[in-house]
Amino acid sequence: MLKKVRLNKKTVALSSLAVASLLLAIVVFSERPEGYDMNIVSENSLAVSLPHTWDIPLYPASQRAMIEEAIMTHVFEALVQIGENGLILPLAAKSYKFNDDFTQFEFKIDTSRRFSDGASLTSKDFKRSWEEGLLLPQNSWNKALLDVMAFLSNRKADQGNTADVTLSGIETPDDETLIVRFEKPVRTALAYLSGARFAPFRFVDGRYIGTGRYVIKSQSEAEVLLGLNPYSKELTSFESIRFIAESDPFPRMLNGEIDVIAFNSLNYDKTDLISETKGIEDISYWLHVNGLKGRFFEDRRMRQAFQALIWKIFRENRSEIENSPKRFKVDFQPYLPFQAGRLPDSAFETIARKYETLISELIARSKDNPLELCLKGFLTKVLPFIQESGLNFKNREPEDSLREFYKIHSCDAVLAGASVHVIDSDGLYHLLGKDGAITSPIIYRENVDKLLLEGRIIQTPELLPAHYEKVAEAIFSEVPSIHLGYISNNITYRSDRLRVRQEFIERKYDKIWKIFQPTKPN
């Protein structure tokens, strides 16, 4: 029996995630908010900087990093969204309900929504988009949809990294009805489905289009121009939005070229013209350890030794490492203090000291086999400390750290950021699970994947802490990646031009045009 979502303890446990694209939200039943039919548009434009380039063409299933999601949420609309109160609410679906064991979801699609070519949205657009998305070339190692699609019922096993594109676990009995069936409960499935990578798309006249407020007018790896979707009815104050890849955006903000800096992690001197708002997604920094066959770190003991050495260096030099232009906080545990899986400090310290006995062997073995590290950015400040330890290594700063992590695999350890998955501990499956959307074969560890899979189906909240503590211990033992800490981000903006329309919680870069409105209307 399918039922409307009710707000209770079990619902909170079974429907929440923070994600990357992936956050926790309490599932509630909702209808379309009042004011949806308003269509107020001005001639205002918005220039938004992002910290690095992206891959093109942009379409939902191509996503490999969160900055691409930040752009695509303006163009492509998922079934559900995270509302300004932090709850999962309908978006392209008018409503949804699920069965008692959370293995079946039924969505009622808002067929009044239109793609930017005028075509009406139907349930079949979702199934088609997901099947096509599993066929299109991926920019990461895995298909971007696998961390949900791999768990559908009646789905054939993958052969290597080739996805079965017949998603028989998805049914479309009519244009309004979309039914999604899973083999087993996936506690966080609904929150995953709020990501833009699960949005429907069409390929028309050589470009990908969606049902969102905006359409991509032009795109390069460093700049995307969005114009209005003439068929969307949502309220906006901006006729166009330009996203710009810029690693040093403050000078351009001061001279008026940039209105908003998204994902800003730098400390800076505030002025009368520049303000910031909290709520942008934080970044978790990992040193990913290459355990592929034939590599130095194929040996688990050497991975454990390297982890212990890195922990020791960061612990002894914490104040200098944290004293940087970026808002970085050292934290070695993969789960946040309020998350299931966070170990007591005493238990963690016991693990940390245990592996320190292996450091001398690591250093000795590196003499004849120097490690190749791939660190870049502000954390290169730790390189002199690593050198002082006696470890024999060379560091290479890859042009594209994510490409190195996903595709090239030439480094023994590569530094990369990932979204902070708050509240629900299943968020780590996105990175460390075999079918995770942002994983890599260099960090696959069978035992970690097994425990993460077991955790996904747990429906009793009281069982989560003990299970995810086992996951944390497995991560420390198998060392797929070494968690270094977090960077706190915000959204910085020109306060003489813009004001915040709503405050956000958790992972709330969301849609820039919903965060801001001009200080003075045209």
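Above this note sits the structure.
Residues numbered from 1 in each chain as written. Predicted model: local features only at pLDDT ≥ 70, side-chain atom pairs only at ≥ 80, totals over all residues. Heavy atoms only, no water.

Colleague: Which parts of the structure should I look at to understand the state of the cysteines?
Modeller: Formally, a disulfide is one covalent bond, and it connects the sulfur atom of one cysteine to the sulfur atom of another. Per the stated rule, a full pass over the model turns up 1 disulfide. The disulfide partner of Cys-374 is Cys-411, and the gap between their sulfur atoms is 1.7 Å. Looking along the S-S bond of the Cys-374-Cys-411 disulfide, the torsion reads about -60 degrees, which is the left-handed sense. Of this pair, Cys-374 sits in strand β19 (residues 371-374) while Cys-411 sits in the loop between α12 (401-408) and β21 (413-419), placing them 37 residues apart in sequence. (Disulfide = S-S within 2.5 Å. Helix = DSSP H or I, 4+ residues; strand = E, 2+ residues; numbered from the N terminus.)

Colleague: Explain the nonpolar core here, please?
Modeller: Here is a general trend for soluble globular proteins: nonpolar side chains tend to be buried in one another's company. Counting residues in each nonpolar core, the largest one holds 150 residues, and the members touching the most others are Phe-107, Trp-130 and Phe-306. The dominant element in this core, judged by the number of residues it contributes, is helix α7 (residues 300-316), at 9 residues. Residues in contact with Trp-130, not counting those within four places in the same chain, are Leu-79, Leu-145, Met-149, Leu-167, Ile-170, Leu-178, Val-180, Leu-193 and Phe-198. Ile-244, Phe-250, Ile-258 and Ile-261 belong to the second largest nonpolar core, which has 8 residues in total. (Core = buried A, V, L, I, M, F, W, Y, C linked by side-chain atoms within 4.5 Å. Buried < 20%, exposed > 50% of the residue type's maximum accessible area, 1.4 Å probe, protein only. Contact = heavy atoms within 4.5 Å.)

Colleague: Any chance you could explain unusual backbone geometry here in plain terms?
Modeller: What is expected of a backbone is that most residues other than glycine have negative phi and most peptide bonds are trans. Between Ile-56 and the following residue, Pro-57, the backbone shows a cis peptide bond with an omega angle of 0 degrees. A positive phi angle, close to 60 degrees, is found at Phe-102, a residue other than glycine. Secondary-structure assignment places Phe-102 in the loop between β6 (93-99) and β7 (104-109). The class for Phe-102 is buried, based on a relative accessible area of 4%. In this structure, Phe-263 takes a positive phi of about 55 degrees despite not being glycine. Among the secondary structure elements, Phe-263 is positioned in strand β15 (residues 260-264). Overall, Phe-263 belongs to the buried group, its relative accessible area being 8%.

Colleague: Got a minute to help me understand the packing of aromatic side chains in this structure?
Modeller: Any pair of aromatic rings gets described here by the distance separating the centres and the angle formed by the planes. Inspection of every chain in the model, using the stated rule, returns 26 aromatic pairs. Measuring from centroid to centroid gives 5.9 Å for Trp-311 and Phe-332, while their planes differ by 40 degrees, and the two rings are tilted. Of the two residues, Trp-311 is situated in helix α7 and Phe-332 in the loop between β18 (328-330) and α9 (345-356); the sequence distance between them amounts to 21 residues. When sorted by exposure, Trp-311 lands in the same class as Phe-332, which is buried. (Phe/Tyr/Trp six-rings, centres within 6.5 Å; stacked < 30°, edge-to-face > 60°.)

Colleague: I tried to follow helix α3 (residues 123-133) on my own but got confused; where do I start?
Modeller: The α-helix winds at 3.6 residues per turn, so residues separated by three or four positions along the chain end up facing the same way. For α3, the full list of buried residues reads Ser-123, Asp-125, Phe-126, Ser-129, Trp-130, Glu-131 and Gly-133. Looking at the buried side of α3, the elements it contacts are β7, α4 (146-149), β8 (170-174) and β9 (177-181).

Colleague: Help me understand the environment of Glu-478, please; the structure alone is not making it clear to me.
Modeller: Locating Glu-478 in the fold gives a position in helix α15 (residues 464-478). Between the C-alpha atom of Glu-478 and that of Asp-299, which follows or precedes it by 179 residues, the distance is 9.9 Å. Apart from residues lying up to four places away in sequence, Glu-478 is in contact with Arg-300, Arg-303, Arg-445, Asn-447 and Val-448.

Colleague: What is the right way to look at the packing of α9 against α15 in this model?
Modeller: The description of two packed helices rests on the angle between their axes and on the distance between the axes. One can describe the packing of α9 onto α15 by two numbers: an axis separation of 11 Å at closest approach and a directional angle of 15 degrees. Judged by the inter-axis angle, α9 sits roughly parallel to α15. Crossing of α9 over α15 shows right-handed handedness. When α9 is examined against α15, the residues Phe-348, Ile-351 and Tyr-355 are found in contact with a partner set consisting of Glu-473, Phe-476 and Ser-477. Grouping the constituent residues of the contact of α9 with α15 by class yields 4 nonpolar, 1 polar and 1 charged. (Axes fitted to C-alpha atoms, helices over the stretch in contact; angles between N-to-C directions. Parallel < 35°, antiparallel > 145°, perpendicular 65-115°, else oblique. Left-handed = near helix turned anticlockwise from the far one by under 90°. Nonpolar A, V, L, I, M, F, W, Y, C, P; charged D, E, K, R; others polar.)

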